[in-house]
Amino acid sequence: MTPKFLRRRRERQAAARGAAHLDAQLRASADIAITAARRALRHRMPTLSLKELARDRERVDVQDVLDVAHEHFGLTDVDRERAAAFLRARFECRTGALDLITDAYDD
């Protein structure tokens, strides 16, 4: 028989591991969405003039992150604001403002 305090501790640890796992999946989803947007821009680049290259940007949305989370990880109940927070963090970390725009700051 497991003492009550050990059972509660294990439950808290399991919840913390689950939250950390979800965070890692959302972080990866944001990275995948950013990479897909950059690839789409790179695919269009040969057809753009030099003037257009200077101001052309690709868009990565919170919905893109949610779609990737669903497709790759099977996540269906992700809070939109939480996905936006991860997109903002990864967007800033990966210098997305140079060639991407996002709606993550609107949410």
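Because the structure is a prediction, the values reported are computed rather than measured.

A. A look at the overall build of the protein chain. In terms of regular secondary structure, the protein chain is built from four helices and two strands. Tracing the protein chain from N to C terminus, the helices and strands come up as α-α-β-α-α-β. Its C-alpha atoms give the protein chain a radius of gyration of 19 Å, clearly above 13 Å, the size a compact globule of 107 residues would have. Structurally, the protein chain occupies a C-alpha span of about 70 × 25 × 20 Å along its principal axes. Per-residue burial over the protein chain gives 31% buried out of 107 residues. Of the roughly 7300 Å² of accessible surface on the protein chain, 53% is carried by carbon and sulfur atoms. Counting 21 positive and 18 negative side-chain charges, the protein chain places the centres of these two groups 10 Å from one another.

B. Fine view of a positive patch on the surface. A contiguous patch of positive charge, built from Lys4, Arg7, Arg8, Arg9, Arg10 and Arg12, is present on the exposed surface. Note on placement: Arg12 falls in helix 1 (residues 4–44).

C. Molecular detail of the nonpolar core. Core analysis: the largest hydrophobic core is formed by 20 residues, its most contacted members being Val60, Val62 and Leu87. Those elements giving two or more residues to this core turn out to be helix 1, helix 3 (62–73) and helix 4 (80–93). With sequence-adjacent residues up to four places away left out, Val60 is seen in contact with Ala33, Ile34, Ala37, Leu87, Phe91, Leu100, Ile101, Thr102 and Asp103.

Conventions adopted
Residues numbered from 1 in each chain as written. Predicted model: local features only at pLDDT ≥ 70, side-chain atom pairs only at ≥ 80, totals over all residues. Heavy atoms only, no water. Helix = DSSP H or I, 4+ residues; strand = E, 2+ residues; numbered from the N terminus. Rg over C-alpha atoms; globule rule 2.2 N^0.38 Å. Buried < 20%, exposed > 50% of the residue type's maximum accessible area, 1.4 Å probe, protein only. Areas by Shrake-Rupley, 256 points an atom, 1.4 Å probe, with all protein chains shown as cover. Lys, Arg positive; Asp, Glu negative; His and termini not counted. Charge placed at Lys NZ, Arg CZ, Asp CG, Glu CD. Patch = residues over 30% accessible without salt bridge, like charges linked within 9 Å, V, L, I, M, F, W, Y side chains within 5 Å. Salt bridge = Lys/Arg side-chain N within 4 Å of Asp/Glu carboxyl O. Core = buried A, V, L, I, M, F, W, Y, C linked by side-chain atoms within 4.5 Å. Contact = heavy atoms within 4.5 Å.

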